[in-house]
Structures are given as structure tokens and as C-alpha cells.
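What the coordinates show
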Amino acid sequence: MTTTSALKDLSQDDAIMMLRNMIRIRRFEEKLSVLFKRGKLPGFVHLYTGEEAIAVGACSALRTDDRITSTHRGHGHLIAKGARVDRMMAELFGRVDGYCRGKGGSMHIVSFELGIIGTNGIVGGGIPIGTGSAWADRHLGRDNVTIVFFGDGASNQGVFFESMNIASVWGLPVIFVCENNGYTEWTPTSELTAGNIVDRAAPMGIPGEAVDGNDVVAMRFAVERAVERARKGEGPTLIEAKSYRWNGHNEGEEAFAGAYRPDEEQAAWRERDPILTFGERLVENEWLSRDEWAAIDSDEQAQIEAAVEFAENSPFPDAEEALDHLFAPSKERA
Amino acid sequence: MAAKTVTEERNVYFIEAMREGLRAMLGEDENVVIIGEDVGRSVIGATRGLVDDFGPMRVRNTPISEATFVGMCVGAAAVGLRPVVDLMVGSFFYVAMDQLADQAAKLRYMSGGQVNLPIVYFTATGPSGSAAAQHSENPHPMLMNVAGLKIVMPSTPYDAKGLMVSAIRDDNPVVYLQDFVLGGVRGPVPEETYSIPLGVGDIKRAGKDVTVVAIGAAVPKALRVANKLEAEGISVEVVDPRTLVPLDMDLILESVARTGRLVVVDNARLTCSAASEIVASVSEKGFDLLKAAPQRVAWENVPVPFSPPLEERALISDSDIDSAIRLTLA
């Protein structure tokens with residue numbers, strides 16, 4: 001596993017932007033946790049706190065026209081790929097200014113203009129879809145790549161093995177990024193999963209790399225190497241990013257799940273906060289003062305508050321929209 | 001009719017008519033690609049020979065991974081391809097059900113209409129004679145309930161070609177079901193490319209006493225029974241909806257308005273069949289048009305058995321259709 005990373009290979013601007021994006025994700029998720037407890041959100045949410053370095057490191061290696069597919073725990077991927085927090089918040093409130101006009105909610109946010117082919121409510125559901133966008137890009141002679149984000153739980157779905165296989169034999173520009181946060185819903189992944197997930201790459205004939213998912217720089221460069229190979233037509237890569245989710249599988253789980261994670265384990269991972277760790281490195285490197293760091297944080301908090309206001313002021317869609325958007329209008333051709 | 005003497009009428013097998021539609025669309029739009037298991041050699045036949053003209057990248061063999069290649073089309077269509085998938089056998093849809101029903105059918109709707117997904121999933125389907133339970137399914141009733149999939153089920157070579165063209169040009173996921181037993185049926189098919197709009201049914205035989213709505217391979221059965229009953233002075237109108245989503249209810253109701261009697265013949269299990277849907281809709285919207293209780297002719301609610309007498313018992317026969325028609329006239 002890559003445990004050290006070279007800050008010097010990043011530009012200062014990139015590094016600060018990455019810190020900012022991680023903070024934005026953290027503050028967004030923390031706000032959702034509060035809003036959920038207050039009963040402000042329809043439905044339920046799966047939060048990404050603690051795993052911010054994976055999405056931000058990975059997406060910082062992408063171009064805007066590259067693509068991602070994401071998971072039920074997808075808010076971090078969306079923000080890292082450039083989604084606006086106000087439109088995300090509006091979607092989570094079921095409002096018309098949401099990315100999907102309130103049709104999708106937390107698990108189905110899609111923005112094609114940002115290359116976000118979708119978060120997904122089915123564990124593993126996005127894996128074939130991202131493999132397919134990579135197929136199309138390769139077929140059409142483009143050099144775009146796709147990152148498929150999925151969790152340790154999804155690594156036991158059949159489509160994961162099938163997709164790695166076809167991506168390998170077709171040489172597709174796809175990067176499979178497995179976020180191993182240690183728990184398959186409420187059960188330790190070690191009880192359910194044979195071997196190491198990263199080792200599933202070798203029998204498919206593709207490179208596999210395990211990365212410290214709490215180290216945003218390590219994530220950035222692991223994904224950058226995979227992206228470079230993919231763009232050159234050298235095929236897919238599997239990356240296993242090891243991390244931990246601070247919140248539960250979903251908010252409100254304490255009502256039914258009980259205590260299933262040891263306190264010491266949770267405390268140990270919080271000690272390894274990916275944002276604090278990275279921020280301290282930037283301070284040590286004299287790329288950022290503590291005041292500047294605090295200013296970024298308060299700016300992001302203000303943006304999240306503004307996003308909530310935006311969402312609350314956005315109207316619900318007209319109820320008749322429930323009947324729209326099923327099919328594209330047919331167009332007659334000669 | 002004089003103009004027809006200029007060229008001999010082309011008689012073409014159903015499976016060739018499908019292939020003509022596929023070939024025309026591969027030629028018309030370079031973003032059209034066909035994938036599936038053994039589409040190069042094409043055991044069933046719809047894609048046979050196309051790889052020679054369009055190459056192995058546009059007619060591409062996949063591993064036996066239905067869930068994945070059905071789902072790959074969603075991502076591929078979202079970024080610009082127009083994938084056409086040969087599933088080979090109708091039951092294989094069940095292997096890919098999440099990617100079909102949760103992903104392909106829902107992504108456009110869930111995204112608030114952000115994306116079009118021009119995908120065709122075609123397959124041979126339905127009983128073909130002792131193919132047994134896992135190779136005889138007709139999945140259209142289940143798929144009609146998904147919402148987000150158009151469903152095409154042609155009954156003639158002419159419709160097979162025109163509907164294939166429309167299915168591939170359509171900007172939505174379309175399931176195209178070719179009844180196995182129709183593959184070797186011949187009929188007139190123009191050489192040029194033409195399209196038949198999705199959602200427009202066709203009266204295959206005009207009549208005045210009873211409307212028989214028949215779907216896919218049930219159409220030739222219904223026509224055979226109708227011709228037999230003609231000798232007894234019973235005039236049967238055979239309506240072929242051709243597509244089940246969208247469903248041409250106007251045509252069906254117009255026909256029932258003329259005849260006052262309805263039988264629906266569906267090559268699928270009775271429960272929640274297309275026949276059930278059509279009978280329910282006619283009962284709701286056209287109750288006053290009916291002179292007799294509408295009848296459904298469909299399979300018994302069992303998997304399709306292997307042994308010939310068992311299979312015959314479970315599926316629909318000409319005499320089932322005959323009896324249902326007579327029941328509406330009693």
C-alpha cells in the first residue's frame with residue numbers, strides 16, 4: 001500500500017483547491033446530518049465524512065470532460081467533480097432547482113455536463129454503466145476516461161468481476177476505484193469478503209494498487225497514473241482506497257442498527273482525519289497559513305448555509321412533473 | 001396494383017427482415033453498434049454476416065455477462081453511442097434485470113430528463129417447441145410494468161423490418177421481441193428502408209362480429225382461426241398492436257366499438273399479461289361498447305414444460321382461441 005506521498009509533485013494552487021474541496025464535502029455532509037435529525041430532508045442520506053480524500057484525490061486527476069459513476073454515498077464524488085452545492089442541496093430537498101428537478105434525490109444525482117453519469121441506489125449498479133461510457137469513448141476515438149467509484153460491499157457483486165473482465169479484454173479506459181471503508185452496511189467487510197479486494201485485479205490481467213484512502217496526495221497520484229495508462233489505450237486499473245466512514249451507513253441508523261463499530265476503532269480513524277492531516281502538511285510546507293485555512297473553512301461553511309437557503313427558497317416541482325421525463329420525445333426522420 | 005408488376009414482390013424471412021433493418025441502421029448512422037454473445041456468427045440469425053460488412057468493432061462479441069453488457073449500453077448511450085444488443089433468448093433479460101429495470105429504464109426519468117438513452121435490446125423469445133422453461137419465456141408482461149422501456153413485438157416480416165428501423169432511431173431504450181417461431185415465416189418486405197412508428201397498431205384482418213387482439217406469434221394463430229370461422233359466417237377482426245409500450249388503445253377501442261366483442265390472445269402467462277392489461281383498459285374505457293364479457297387467451301400460470309404434450313397443455317392453441325371467440329358470441 002502506498003503510505004507516503006509526494007506533496008512536491010502538486011502545484012500549490014492544486015493543493016489548496018483540494019483542501020478546499022475536502023472541506024466543502026465535510027461541511028456539506030455535516031449540515032445534512034443536522035438537517036436530517038431536524039426532519040428537514042425527505043428520504044434518507046448516506047454520508048461521506050472521513051472519506052473525502054478519495055473523491056477529491058481521484059477527481060483532481062480528471063478533466064472536466066472525463067466521467068464518473070458513483071454510489072449511494074455519492075455527495076463527495078459530485079462535489080469533487082465540480083457539482084454546485086446549492087443545486088445538490090435543492091435536489092436533496094426535492095426542489096425544482098435540484099440537478100434532477102427533484103426527481104432523483106440523494107442517490108440519483110446526475111449531471112451530464114459535469115460528466116457525472118450518476119450516483120446510484122443499487123450497490124454495484126454504476127460499475128457496468130461506467131464501463132460502458134469508457135467503451136463508447138474508446139469506440140468513438142476520444143481520449144476521455146471514466147472513474148467508477150464503488151464500495152467494498154459492491155466488490156462482491158457479479159457485475160464487478162464481469163466489468164473488470166470485459167474492460168480488460170476490450171482495453172477500456174476505466175479506473176475502478178473501490179472505497180473500502182471497512183463495513184458492508186452494518187457488517188465488517190472482513191467477514192464477508194475473501195482475500196484483498198485489490199488482489200482481484202491480477203487474475204483479470206490488469207494493474208491493481210492499494211492506496212491509503214485518507215491521503216489525498218497518494219490518491220491523486222495513484223489515479224493520475226491509472227488515468228495516464230487509460231488515455232494511452234493501456235486499459236483499466238483497479239485501485240483499492242482504504243478508509244473509514246465516520247458516520248453510519250445511513251443517517252438515523254442508531255434507531256435500528258445498534259452499536260456495531262468499536263469506539264476505539266472510530267476514535268483511531270478520526271485521529272487520522274484526512275482533512276486535518278492534509279491541512280497540516282500544507283501549513284508545514286508553508287503553502288498555507290492557519291489564518292488562510294480558517295478563512296477557507298468559514299467561506300465553505302457560509303456557502304453551505306447559502307445552499308440551504310437556496311434550497312429552501314426553491315419551489316417544489318409542479319406535481320404534474322411526476323408524469324414528465326419518462327421518454328424522450330420521438331422525432332420523425334425522413 | 002399495376003405498378004406492382006414492375007418488380008416481383010420480395011418474399012423475405014422474418015429473421016432476414018430484422019437483419020435488413022439492422023443493416024440499414026448500421027449504414028445510416030456510424031454510432032450504431034451491435035453487441036451480444038456470438039453476434040458475429042449469430043446462432044438465431046438476425047446479425048449473421050453483418051460483421052463482414054461492418055467489422056468486429058461495430059458487430060462485437062461479448063462475454064456471457066448479460067448484466068454487464070446490458071448496463072454498459074446505458075453509459076455508452078449517455079455519451080453518444082446508439083447500442084443495439086442481441087440478448088439471444090428472452091429469459092436472459094432476467095439475468096440483467098437490475099441493469100435493465102433499475103438503470104436503463106430509470107436513468108432518464110431520475111435525472112429529470114437530462115439524457116436520452118437510445119438503446120435497443122432485441123432477442124428471440126417465446127416457446128419454440130420443447131425448449132423448456134428457461135428458453136421459452138416471453139418477458140413482455142413483466143417489462144411492460146417497469147416504466148421506461150418501449151416494447152416492440154412484431155408479427156410479420158414487414159413489421160419486423162420497419163419496427164427495427166424505428167426502434168434503433170428512437171431515443172429511448174426499446175425492447176424488441178422476436179417470437180422464435182416467427183423467425184422462419186416469410187412475407188413481403190420492400191427492399192428500401194422504411195419505418196413503422198412505435199405505438200401504431202395494425203388491423204391484420206377486417207371483421208365485424210368479434211375483435212381479436214393478438215400479439216406476436218399469436219397473430220398468425222388468430223388469423224388461422226378467423227379464416228376457419230369465416231366459413232361459419234363469423235366475421236373476426238384481428239388487431240395487432242405491434243408495440244405494447246406505447247400501446248395503441250385507440251385502435252383497439254375503435255375496433256371494439258365496431259364489433260362489441262373482445263378476445264385478447266397473448267403468448268404469455270395469464271397473470272398480469274398484456275391480455276389482462278388490454279381487457280382491463282377496454283373494460284374501463286369502453287364498457288358500454290361491449291355486448292359480452294371480454295375474454296383472455298393466454299398460457300397457464302406455470303413455467304413452460306419440456307415434454308410435448310405437457311407443453312401443448314400449458315400454452316395456447318387454436319381451439320382455445322376458437323372457444324373464446326364463441327364464448328363472446330354465445
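Residues numbered from 1 in each chain as written. Chains lettered and ligands numbered in written order. Predicted model: local features only at pLDDT ≥ 70, side-chain atom pairs only at ≥ 80, totals over all residues.

Residues and elements named next belong to chain B. Between the first and last C-alpha of helix α13 (residues 318-329) there are 17 Å, a value that for 12 residues agrees with the 16 Å anticipated at 1.5 Å per step. Within α13 the residues assigned to the buried category are Ile-321, Ala-324, Ile-325 and Thr-328. Taken down its axis, α13 places every buried residue within 100° of arc, on the same side. Opposite the buried face of α13, by more than 90 degrees, sit the exposed residues Ser-319 and Leu-329. (Helix = DSSP H or I, 4+ residues; strand = E, 2+ residues; numbered from the N terminus. Expected span 1.5 Å × (residues − 1). Buried ≥ 20, exposed ≤ 12 C-beta atoms within 10 Å, placed from the backbone. Arc of directions from axis to C-beta.)

As a further point, take the sheet that holds strand β3 (residues 174-180) of chain A. Residue and element names in this part refer to chain A. Across the sheet, which stays open at both edges, the 5 strands sit in the order β1-β2-β3-β7-β6 with parallel pairing between neighbours. On the outer flanks of this sheet lie β1 (67-69) and β6 (208-212), each paired with one strand and no other. Between one strand axis and the next, the sheet turns through 20° on average, direction left out of account. In this sheet, β3 lies alongside strand β2 (residues 146-151) in parallel orientation, the contact comprising 6 bridges. Along β3, the bridge assignment pairs Phe-150 with Cys-178. In the packing of helix α2 (residues 52-59) onto the sheet, the strands contacted are β1, β2, β3 and β7 (237-242), and the crossing angle to β3 comes to about 165°. (Pairing = 2+ DSSP bridges. Axes fitted to C-alpha atoms, helices over the stretch in contact; angles between N-to-C directions. Contact = placed C-beta atoms within 7 Å.)

We now examine the confidence of the model for chain B. All names here are of chain B. Looking at chain B, pLDDT values average 96 and 98% of them are 70 or higher. With pLDDT under 50 throughout, residues 1-6 is counted as low confidence; its partners more than four residues away or in other chains account for 1 contact. Both scores are given for the predicted complex: the pTM is 0.96, the ipTM 0.96. (pLDDT = per-residue confidence, 0-100.)

A few words on the nonpolar core. Among the nonpolar cores identified, the biggest contains 196 residues, and Ile175(A), Val177(A), Ile239(A), Val212(B) and Val265(B) are the most heavily contacted of them. When residues no more than four places from it in sequence are discounted, the contact partners of Val265(B) are Val212(B), Ala214(B), Ile215(B), Ala218(B), Lys221(B), Ala222(B), Ala275(B), Val297(B), Ile316(B) and Ile321(B). (Core = buried A, V, L, I, M, F, W, Y, C linked by C-beta atoms within 7 Å.)

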